[in-house]
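# Tertiary structure, described
The residues making up each chain are set out below.
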Amino acid sequence: MKSMSNETEGKGILERLQAGEPLRKYDPEYGKFGQVVARTIRLCVEMNATATDTDQVRQRLSDIIGTEIDESTTIFPPFYTNFGRFIRLGKDIFINHNCSFLDIGGITIEDDVQIGPGVKLTSENHPLDPADRKTLLLAPIVIKRNAWIGAGATILPGVTVGENAVVAAGAVVSRDVPANTVVAGIPAKVVKTI
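A few points on the structure. (Residues numbered from 1 in each chain as written. Predicted model: local features only at pLDDT ≥ 70, side-chain atom pairs only at ≥ 80, totals over all residues. Heavy atoms only, no water.)

Here the focus is the overall build of the chain. Within the chain, the regular secondary structure consists of three helices and 18 strands. Its C-alpha atoms give the chain a radius of gyration of 17 Å, near enough to 16 Å, the size a compact globule of 194 residues would have. Structurally, the chain occupies a C-alpha span of about 50 × 40 × 25 Å along its principal axes. Relative to its full complement of 194 residues, the chain shows a buried share of 41%. In the chain, 25% of the contacts between residues at least 6 apart in sequence involve partners at least 24 apart. The averaged location of the 23 negative side-chain charges in the chain is 6 Å from the averaged location of its 21 positive side-chain charges. (Helix = DSSP H or I, 4+ residues; strand = E, 2+ residues; numbered from the N terminus. Rg over C-alpha atoms; globule rule 2.2 N^0.38 Å. Buried < 20%, exposed > 50% of the residue type's maximum accessible area, 1.4 Å probe, protein only. Contact = heavy atoms within 4.5 Å. Lys, Arg positive; Asp, Glu negative; His and termini not counted. Charge placed at Lys NZ, Arg CZ, Asp CG, Glu CD.)

So, in structure tokens, the structure goes:
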């Protein structure tokens, strides 16, 4: 069993995750992490099964992420997240049906963003080394103001989508998207300047 570095001693697991430290199953506080995940899964299932309007979805998702979501933001269920505590949403955001946010590495969505159906944002990855494959590597996703993420797009860890940018439907984004551009394809590349 590996020990924690001197830098991490005294910091709680949530603080260490927010700092981007890798997460390993033998972490002494892994149980606390597991409790947040279990709560989030339960609350997501309840929200998707019982919320009957967008106000209820917004309130229940506010409970999951631990921050009140502005009433100008609309989320259509089903909506999925594995952790919830590291999602930050601005104002006047629209999130369409069947989106999945894996947020242990952090997901920030600024004002006026539109997210199409079936979009996947994942701020988590794993090492290539088979001996360490179960470790979570974390890198935040940031979607800047007025961006539009098309249906079925996937945004990978560490990506920033620039202001006013458009990610085409079905794109897989592994690198930052410059402001005022359109990216498309797998892997996504700039195809147009706005």
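Two faces belong to every sheet, and in a regular strand the side chains alternate between them. With two bridges connecting them, strand β15 (residues 166-167) and strand β17 (residues 181-184) associate as parallel partners. Within β17, the position partnered with Val 166 by the bridge is Val 182. For β17 and strand β18 (residues 189-193), the ladder comprises four bridges, and the chain directions are antiparallel. Residue pairing across strands places Val 182 opposite Lys 192, the latter belonging to β18. (Pairing = 2+ DSSP bridges.)

Between side chains of opposite charge, a pair can form when the charged atoms approach closely. Following the criterion strictly, the structure yields eight salt bridges and no others. Linked through salt bridges whose partners overlap, the residues forming this network are Arg 16, Asp 27, Glu 29 and Lys 32. (Salt bridge = Lys/Arg side-chain N within 4 Å of Asp/Glu carboxyl O.)

In this section: the sheet that holds strand β5 (residues 99-102). Spatially, the five strands line up as an open sheet ordered β2-β5-β8-β13-β16, and their pairing is parallel. The two strands at the open ends of the sheet, each matched to only one other strand, are β2 (79-81) and β16 (172-173). Across two bridges, the pairing between strand β13 (residues 154-155) and β16 is parallel. In the strand pairing of β16, Thr 154 is matched with Val 172.

Taking strand neighbours across the sheet as the criterion, the seven strands line up as β1-β4-β7-β12-β15-β17-β18 in an open arrangement whose pairing is mixed. Taken across any chain shown, the strands that pair with only one partner, and hence form the sheet edges, are β1 (74-75) and β18. Pairing of strand β7 (residues 114-115) with strand β12 (residues 148-149) involves two bridges; the strand directions are parallel. Counted as the bridge partner of Gln 114 is Trp 148 from β12.

We now examine the environment of Gly 152. Its place among the elements puts Gly 152 in the loop between β12 and β13. Classification of Gly 152 as partly exposed rests on a relative accessible area of 36%. Discounting chain neighbours no more than four positions away, the residues touching Gly 152 are Pro 117, Gly 118, Val 119, Gly 170 and Ala 171.

We now examine the packing of helix α2 (residues 30-50) against helix α3 (residues 54-65). Where α2 meets α3, the axes come as close as 10 Å, and the angle between the chain directions of the two elements is 180°. By the angle between their axes, α2 is roughly antiparallel relative to α3. Residue-level inspection shows Arg 39, Thr 40, Leu 43, Cys 44, Glu 46, Met 47 and Thr 50 of α2 in contact with α3, the latter providing Gln 56, Val 57, Arg 60, Leu 61, Asp 63 and Ile 64. Looking at the contact of α2 with α3 residue by residue, the class counts come to six nonpolar, three polar and four charged. (Axes fitted to C-alpha atoms, helices over the stretch in contact; angles between N-to-C directions. Parallel < 35°, antiparallel > 145°, perpendicular 65-115°, else oblique. Nonpolar A, V, L, I, M, F, W, Y, C, P; charged D, E, K, R; others polar.)

A word on the packing of aromatic side chains. Following the criterion strictly, the structure yields five aromatic pairs and no others. Relative to Phe 101, the ring of Phe 79 lies with its centre 4.9 Å away and its plane at 75°, an arrangement referred to as edge-to-face. Pair noted here: Phe 79 is in strand β2 and Phe 101 is in strand β5, with a separation of 22 residues, a long-range link. Assessed through its relative accessible area of 1%, Phe 79 is described here as buried. Judged by its relative accessible area of 0%, Phe 101 falls in the buried class. A network of ring pairs unites the aromatic residues Tyr 30, Phe 33, Phe 83 and Phe 86 as a single cluster. (Phe/Tyr/Trp six-rings, centres within 6.5 Å; stacked < 30°, edge-to-face > 60°.)

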